[in-house]
Amino acid sequence: MAFRLKLVPEKTNIDFFRWQWLTFGFSIFMIVASLGTVAVKGLNFGVDFLGGTTIRTESTTPLDISVYRDALAPLDLGDVTITEVNDPGFREDQHVAQIRIGARDGEEAVTSDAILAAEAALKAVDPAVVFAQVESVGPKVSGELIWKAVLAVFIGSAGIMVYIWMRFEWQMAVGTVSAMLHDVIVTLGIFSLFSLRFDLSIVAALLTILGYSVNDTVVIFDRLRENLAKYKTMPLREMMNLTANETLSRTVMTATTTLISLTVLIIWGGDVIRGFVFAMILGVVLGTYSTLYMAKNVVLFLGVDRGDKPKKSSNEFADIDA
Amino acid sequence: MNPTSMWKRVLIFVFCGWGILAAMPNGFYPRVEAHNDAAKAIAASEGVATPEQAEALSGWPSFLPSALMNLGLDLRGGAHLLGRVELSEVYKSTIDARWPEVRDALRDIRNEVGGVRRAPSVDGVLRVTIANPEAMPAALTAVRALATPITSLTGVGHTDIEVTSDGADIVVQLSDAEKAAIDERSMRQSLEIIRNRVDQAGTREPTIQRQGADRILIQVPGIGSATELKELIGTTAKLTFQPVVSRTTNPATSPGARNSLVPSLDEPGVYYVLEDTPVVTGEQLQDAQPAFDQNSNPAVSFRFDGAGGRKFGEYTAANVGKPFAIVLDNQVISAPRINQAITGGSGIITGNFTIEEATQLAVLLRAGALPAKMEFLEERTIGPELGADSIDAGKKAAIIGAIAVIAYMVLSYGIFGWFANIALILNVIIMVALMSSIGATLTLPGIAGIVLTMGMAVDANVLIFERIREELRDGASPAKACEAGFNRAFSAIMDANITGLLTGIIMYAVGSGPVRGFAVTFTLGIITSMFTAVYVTRLVIEIYLNRKRPKTIVV
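This structure is a prediction, so every number in the text was calculated from the model and none was measured.

Description of the overall build of chain B
The number of helices and strands found in chain B is 17 helices and 21 strands. Across its three principal directions, the C-alpha atoms of chain B cover 110 × 60 × 40 Å. Within chain B, the proportion of its 555 residues that are buried is 52%. Summarising the internal contacts of chain B: among those between residues at least 6 apart in sequence, 68% fall at separations of at least 24. When the accessible surface of chain B is summed, it comes to about 24600 Å², and 57% of that surface belongs to carbon and sulfur atoms. The positive charge centre, built from 48 side chains, and the negative charge centre, built from 55, are 7 Å apart in chain B.

Here's the deal with the interface of chain A and chain B
With 78 residues of chain A in contact, the opposing surface of chain B contributes 68 residues. On the chain A side of the contact with chain B, Arg4(A), Met253(A) and Trp268(A) bury the most area, a combined 10% of that side's loss. Taken together, chain A and chain B are joined by ten salt bridges. Asp389(B) is the salt-bridge partner of Arg91(A), the closest N and O atoms lying 3.4 Å from each other. If you look at where chain A meets chain B, you find 18 residue pairs in polar contact (both at pLDDT 80 or more). Residue assignment for the side of chain A that touches chain B shows that the elements contributing at least two residues are strand 2 (52-59), helix 4 (112-125), strand 5 (130-137), helix 5 (139-167), helix 7 (200-230), helix 8 (236-268) and helix 9 (274-302) of chain A.

Some thoughts on the sheet that holds strand 3 (residues 116-119) of chain B
Two orientations exist for strands paired in a sheet by backbone hydrogen bonds: parallel and antiparallel. All names here are of chain B. Overall, antiparallel pairing links the four strands, which are arranged 3-4-8-7 in an open sheet. The open sheet has two edge strands, strand 3 and strand 7 (161-166), and neither has a second partner. Strand after strand, the sheet turns through a mean of 25 degrees between neighbouring axes, direction not considered. Pairing of strand 3 with strand 4 (residues 125-130) involves four bridges; the strand directions are antiparallel. Bridge pairing in strand 4 places Arg117 opposite Thr129. Those strands touched by helix 5 (residues 87-96) are strand 3, strand 4, strand 7 and strand 8 (169-174), and its axis lies near 130 degrees from that of strand 8. Along the sheet, helix 6 (residues 99-108) makes contact with strand 3, strand 4 and strand 8, crossing strand 4 at roughly 25 degrees.

Some remarks on the domain arrangement of chain A
Residue and element names in this part refer to chain A. Each domain of chain A was delimited in the assignment, giving domain 1 (20-43 + 142-302) and domain 2 (52-137). A separation of 37 Å is found between the C-alpha centroids of domain 1 and domain 2. Contact with domain 1, which involves six residues of that partner, is made by nine residues of domain 2. Of the roughly 520 Å² buried between domain 1 and domain 2, counting both surfaces, carbon and sulfur atoms make up 42%. If you sort the residues of domain 1 by the area they bury against domain 2, Arg197, Asp271 and Arg274 come out on top, with a joint share of 68%. The interface formed by domain 1 and domain 2 includes two salt bridges. Arg56 is the salt-bridge partner of Asp271, the closest N and O atoms lying 2.9 Å from each other. In this structure, the connection of domain 1 to domain 2 is made through three residue pairs in polar contact (both at pLDDT 80 or more). Split into classes, the residues belonging to the side of domain 1 that touches domain 2 amount to one nonpolar, two polar and three charged.

Regarding the pairing of strand 4 of chain B
Across the six residues that make up strand 4 of chain B, a large majority, six, are buried. Residue alternation in strand 4 of chain B divides its side chains into two sets, Val125(B), Arg127(B) and Thr129(B) and Leu126(B), Val128(B) and Ile130(B), and both sets are buried.

A closer look at the pattern of salt bridges
Proximity of charged atoms lets side chains of opposite charge pair with each other. Counted under the stated rule, the structure contains 36 salt bridges over all chains. Taking the shortest distance from any N to any O, the salt bridge between Lys92(B) and Asp96(B) comes out at 3.1 Å. With a gap of four residues between them, Lys92(B) and Asp96(B) both fall in helix 5, about one helical turn apart. Taken together, the salt bridges that share partners define one network made up of Asp48(A), Glu135(A), Glu378(B) and Arg380(B).

A short note on the UniProt feature "domain: Protein export membrane protein SecD/SecF C-terminal" (unreviewed entry) in chain A
Within this structure's numbering, the places UniProt gives as "domain: Protein export membrane protein SecD/SecF C-terminal" (unreviewed entry) are residues 119-303 of chain A. Secondary structure across residues 119-303 of chain A divides into 83% helix and 5% strand, with the first and last C-alpha atoms of the span separated by 62 Å.

Criteria and cut-off values
- Residues numbered from 1 in each chain as written.
- Chains lettered and ligands numbered in written order.
- Predicted model: local features only at pLDDT ≥ 70, side-chain atom pairs only at ≥ 80, totals over all residues.
- Heavy atoms only, no water.
- Helix = DSSP H or I, 4+ residues; strand = E, 2+ residues; numbered from the N terminus.
- Buried < 20%, exposed > 50% of the residue type's maximum accessible area, 1.4 Å probe, protein only.
- Contact = heavy atoms within 4.5 Å.
- Areas by Shrake-Rupley, 256 points an atom, 1.4 Å probe, with all protein chains shown as cover.
- Lys, Arg positive; Asp, Glu negative; His and termini not counted.
- Charge placed at Lys NZ, Arg CZ, Asp CG, Glu CD.
- Buried area = accessible area lost by both parts, 1.4 Å probe.
- Salt bridge = Lys/Arg side-chain N within 4 Å of Asp/Glu carboxyl O.
- Polar contact = N/O pair within 3.5 Å; in protein donor to acceptor, adjacent residues only side chain to side chain.
- Pairing = 2+ DSSP bridges.
- Axes fitted to C-alpha atoms, helices over the stretch in contact; angles between N-to-C directions.
- Domains from an automatic or database assignment.
- Nonpolar A, V, L, I, M, F, W, Y, C, P; charged D, E, K, R; others polar.
- UniProt positions renumbered as here; feature names shortened; annotations may be inferred.

Below is the structure:
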């Protein structure tokens, strides 16, 4: 037999419900803790959501943040934070800083005079500096962007829930959506805990996590539906274990390929999308976990109606139970 | 395995072949870009090509497809602006322009209504006080006669103004239908003017889009900064010719009703009190050119259109000896005295211009004034170096990612891993081909989308292969196992992809900026991966089974 890399043995018989209360409890704890962290600590919103300006400076001279800070101090720009950006992909003489200027109260539009003044002040202390990226968002737009982002996640979940409900059973729709929300909420919690910058691209990542999480869950439910028709008398708990074991190899395989891509991106993709990729990695890990330990638990609690109505035995796609 | 029907095979081959051809130009990006630019330039100059253009044109054979993916601002560098057009300003100027007409109409029935004067009111509303409130019905009739019917989609029978009475005041406001028409007209005009000005700067593929009721999104690749772009658009370049009431150096001067205090452009500390209602506006300009005045100082000559020229002529004839002001963006450029009636409809603006300023002003005047001021809500600049760095990083990540995934698939599934890899490579190629032909824009999150799709695209193949393995374990023959593997995995693949598609479409619809860039590649990737992972892999496996007729297979 030819060599095959197998992360999962051919036949597994793991009891995913063995520590049912522990794992489920852990998930619940994580959700509550994440919500708590977000509520107490808040998210480190970027200018997309808070309004204000970020300037990315690049210079060939070594960076001294205090010089920049002193240069900007007399301008009275309000809330200014300067951080150094490091990336293994940078050239030897590439020194990058991120300067963030908070939005002022009561200003609707972008204050370009302030930006120009800041740029001039920085140029004066470091003639080699270039402004690689300048982003300014007025508070009005940023408010809308938050709202749009929340809306996107909400509509996304609702759409997925309706689809699963149509294709499967409402219990599975609830299970899928709770797993999905678990992934998104815990990702948010981790971003809050470590004060990672939360901007528009993170929202894109969250939405992809939704998609991935659902993808993962749906495959198992699809198999479960098949098994429900096949073994009419097997207890639901046992059947779910069987299903999870049957699909385990695929679950791990897909998670691994996705993680390979994402790991490559986080290492070589540059610092600009690092936050985005990090959110995705969290999402894939959480998504795999929640599929195995969250979605199925919810379905088990809710039970599946296995009444006398004959279950769909065919797995043709056209067979939609609306 | 049930053989794929002939026409299906042909279709799959044709589609893959098209994909490879259509994606190819992106492999030679600079050369094809030069070719396209040259082709455009030659077409613009009606077939006359400079030697450089001819060379650039021959750099890419014209029988091959030449559509490229657009590179987003974050990859190419450039500026992004989101502006809001202050439509209320247009309402104000529109209603203010009605005042002379209303005054004249009421003067005609002076014996009935008595004296008429304009009362202060909020912007966008014209309030006229008449001396004899008893004559209100007659006054209303007279003013209502000025209303003109407008035809709109929303309804017939609307007029442009609504006239009501309030005590001794006649209140004239724009009707909702007229406001809607103004919104539409002003937005279209603003878009047109911005496009004109950006095109004059000759940058490539600018995006100028209306967003929502009163917003305009402007993205110009290759421009140095958002500030530069704002200067190019010019916040207004609104030109008016207004009667001068007086000149003062006291900024605290009270201008009086319906007058305003406007600073001078070159004389510091000098202010003019001007009547609010302009004689002529820049919209009635037909042409403006840089010129020189009699002292050989740079100036701008202009010419009005017919109606504007007539109005200007009448006004200057009636006001010889009085000054009038040329006002640009709420600053008095100059306030010459009218020496004689200017009836020819043309004139010259003098000021302390440099030649560049005069040229710039002429360009702005010619392109037309924005109908209203723009307020900028969002501005972003991305330097070209950062874009180039991002492209490099993205390229590197995509290549390493592809190699890693390919290797992992081969390690896990052997020859079947190679089958999946063929599908994977075709998937990326077809994605790029589709993006090029629909003119989609590739952004950095978009590259992330491609890399992620590569990881997820193999999911369909993984599902199929795992099923084949199961069938083989249950003792099915290779052909049977493959057939069953495809059939039974199909519903899971479909469900997984439809939910993915759902999120992709929602991201595109609701999101903006980076979310959209990601959504485009993610959605396209799901569609193409369905095709390649299911149809292409199936065909490849079928061919393999037919050629080799293996007794046993190991997946």
